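# Understanding the architecture of this molecule
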Amino acid sequence: MAIDRIRSDHYRIPLPVVLSDSTHKEITHFELIATRIGTTDGAEGLGYTYTVGYGGGSVHSLLTRDLPDLLLGAEETRIEALWKEMWWRLHWVGRGGSAAFAMAAVDVALWDLMGKRAGLPLWRLLGGADPTVPVYAGGIDLFFTLDALLEQTSGNLDAGFEAIKMKVGRKKLSEDVERVAAMRDYLGDGFALMADANMGWDRPRAIAAARALAPYDLVWLEEPLEPEDVAGYAEVARIGTPVAAGENFHNLQEFSQLIAAGGVHYVEPDLACLGGITAWMKAARMAEAAHLPVTSHGVHDLHVHLMAAVPNASYLERHGFGLERFMENPLLIEKGRAVAPERPGHGVTLNFDALEEYRVS
Ligand SMILES: [Mg+2]
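Residues numbered from 1 in each chain as written. Predicted model: local features only at pLDDT ≥ 70, side-chain atom pairs only at ≥ 80, totals over all residues. Heavy atoms only, no water.

## Here we look at the overall build of the protein chain
Formally: Think of it this way: any DSSP run of H or I at least four residues long counts as a helix, any run of E at least two long counts as a strand, and we number them from the N terminus. With the radius of gyration taken over C-alpha atoms, the globule rule is written as 2.2 Å times the number of residues to the power 0.38. Burial classes: relative accessible area under 20% of the type maximum marks a residue as buried, over 50% as exposed, and values in between as partly exposed (1.4 Å probe, protein chains only). We call two residues in contact whenever any of their non-hydrogen atoms come within 4.5 Å of each other. Only the protein chains shown count as covering a residue, and every accessible area follows the Shrake-Rupley method with a 1.4 Å probe. None of His or the chain ends enter the tally, which takes Lys and Arg as positive and Asp and Glu as negative. A charged residue contributes its charge at one atom only: NZ of Lys, CZ of Arg, CG of Asp or CD of Glu.
Helix and strand counts for the protein chain come out as 14 helices and 12 strands. The C-alpha radius of gyration computed for the protein chain amounts to 20 Å, which stays within 12% of the reference 21 Å derived for 361 residues, consistent with globular compactness. By the burial criterion, 58% of the 361 residues in the protein chain qualify as buried. By sequence separation, contacts in the protein chain at least 24 residues apart represent 70% of the contacts at least 6 residues apart. With the model as given, the accessible surface of the protein chain reaches about 14,200 Å², and the carbon-plus-sulfur share is 52%. In the protein chain, the 32 positive side-chain charges and the 49 negative ones have mean positions that sit 3 Å from each other.

Pasting the structure below:
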């Protein structure tokens with residue numbers, strides 16, 4: 001078959017609750033860029049990526065102006081070849097950045113088509129390790145009051161979560177320590193708790209924070225530093241609490257450098273900003289070869305398949321943006337584990353009629 005149509009739509013969607021972290025401060029909207037790719041036999045694949053509120057126009061522009069002629073007429077099953085062609089077409093403005101987001105939307109649509117054609121859910125097509133994956137609730141809650149943080153936590157416990165992540169990176173380290181201590185006290189010893197600094201610290205601050213938070217038995221401390229500080233990551237990783245990183249990596253070389261430097265324990269690629277499923281699977285294999293677990297960031301309805309496919313999965317993130325209100329079959333969570341669906345492809349269908357009111361272009 002061959003690709004005979006491609007359509008990309010850009011939406012800006014308000015969040016039900018204003019979210020907060022150390023990098024973005026308050027987050028009021030996110031952007032969704034969805035790409036539908038059809039083939040000559042009438043099949044259609046759906047891909048999508050997202051932003052934290054800005055930059056989606058550049059992603060949409062690449063998808064509508066720069067990539068369609070490369071894709072139209074191509075065999076949709078030659079995903080590696082198309083991925084590389086997209087990479088080189090956009091590399092001058094890419095090697096990551098917006099190009100990686102645009103490539104992700106296309107790549108996911110192609111894998112969706114592949115799964116539908118094979119009659120297999122992606123988690124089986126990509127390896128089929130275990131359809132149930134431990135899942136955590138990812139709080140985006142840095143500026144929540146302590147009461148609001150605990151109230152959110154209570155809701156997550158009621159919803160059956162057995163692992164929770166909170167934000168750190170407030171102005172005073174003592175406030176972070178106080179909030180983590182309160183969460184540990186509320187959740188009890190042994191409950192899986194992670195903390196995420198969203199790159200909010202410089203190296204001395206990150207070292208001080210890793211030392212101060214060490215007594216609270218965190219599963220991991222996430223993004224203590226900006227991704228470029230590879231030596232700093234290696235230093236923080238030696239302090240004791242395992243380190244997670246990867247959501248701000250937009251190409252595979254960034255993963256290979258940090259892994260080689262011993263700067264990460266939980267490898268955390270986000271397919272939506274890394275160029276899609278093709279690249280995510282490679283990051284997961286790099287982690288496996290280095291004896292490291294992989295976790296995920298964002299777009300949990302897609303990542304559940306990838307985490308279920310690989311043997312070194314740790315925790316899937318249930319991300320706070322949530323597209324549930326636009327989906328027919330939102331992520332199923334049972335007894336603290338996310339369940340990868342059996343529907344062919346990724347099995348996600350978006351309600352484009354409901355999205356219409358949020359259209360940008
Ligand atoms: Mg994070």
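## Focus on helix α4 (residues 97–118)
We apply this condition: In this scheme, a helix's expected span is set at 1.5 Å multiplied by one less than its residue total.
The end-to-end C-alpha distance of α4, which contains 22 residues, comes to 32 Å, matching closely the 32 Å that a straight helix rising 1.5 Å per residue would cover. Taking burial as the measure, the 22 residues of α4 include 16 buried ones, the bulk of the element. Positive backbone phi, approximately 70°, marks G119, located one or two places after α4.

## Quick notes on the packing of aromatic side chains
Stated precisely, the cut-off is as follows: Any two rings among Phe, Tyr and Trp, with Trp reduced to its six-membered ring, count as a pair given centres within 6.5 Å; such a pair is stacked if its planes are under 30 degrees apart, edge-to-face if over 60, and tilted if neither. In this scheme, Lys NZ or Arg CZ marks a charge over a ring once it lies within 6 Å of the ring centre and within 35 degrees of the ring normal.
With the rule as written, the count across this model stands at eight aromatic pairs. Both rings, one in Y50 and one in F321, keep their centres 6.0 Å apart while their planes meet at 90°; by these two values the pair is edge-to-face. Of this pair, Y50 sits in strand β3 (residues 44–51) while F321 is found in the loop between β10 (316–318) and β11 (332–334), placing the two residues 271 residues apart along the sequence. The same class applies to Y50 and to F321, which are both buried. On the numbers, 6.3 Å between centres and 70° between planes, the contact of W220 with Y315 is edge-to-face. Separated by 95 residues along the polypeptide, W220 in the loop between α8 (203–213) and β7 (221–222) and Y315 in the loop between α13 (300–309) and β10 bring together distant segments of the chain. Stacked on the ring of F352, the Lys or Arg R36 has its end atom at 3.5 Å from the ring centre.

## Comments concerning the UniProt feature "domain: Mandelate racemase/muconate lactonizing enzyme C-terminal" (unreviewed entry) in the protein chain
So the rule is basically this: UniProt positions are given in the numbering used here, feature names are shortened, and annotations may be inferred rather than shown by experiment.
Sequence positions flagged by UniProt for "domain: Mandelate racemase/muconate lactonizing enzyme C-terminal" (unreviewed entry) are, in local numbering, residues 146–242. Annotated as 48% helix and 12% strand, the span residues 146–242 places its first and last C-alpha atoms 25 Å apart.

## Some details on the nonpolar core
Cut-off, in case you're wondering: In this description, a nonpolar core means a group of buried Ala, Val, Leu, Ile, Met, Phe, Trp, Tyr and Cys residues linked to one another through side-chain atoms lying within 4.5 Å. Residue ranges assigned to each domain were obtained from an automatic or database domain assignment.
Ranked by size, the top nonpolar core spans 118 residues in total, and within it L32, Y48, L71, I277, W280 and L350 carry the most contacts. Split by domain, this core shows at least three residues from each of two domains, domain 1 (3–119 + 352–358) and domain 2 (123–339). In this structure I277 touches D107, V108, W111, L122, L126, L271 and L306, once residues within four positions along its chain are discounted.

## A look at the side chain of S296
Rule in force here: The definition of a polar contact used here is a pair of N or O atoms within 3.5 Å, where within protein one atom must be able to donate a hydrogen and the other to accept one, and adjacent residues in sequence count solely through side-chain atom pairs.
Of note, S296 is situated in the loop between α12 (277–289) and α13. At 3.3 Å, the side chain of S296 forms a polar contact with the backbone nitrogen of E317. Apart from the residues within four sequence positions on either side, S296 is in contact with Y136, E268, P269, W280, H303, M307, Y315, L316 and E317.

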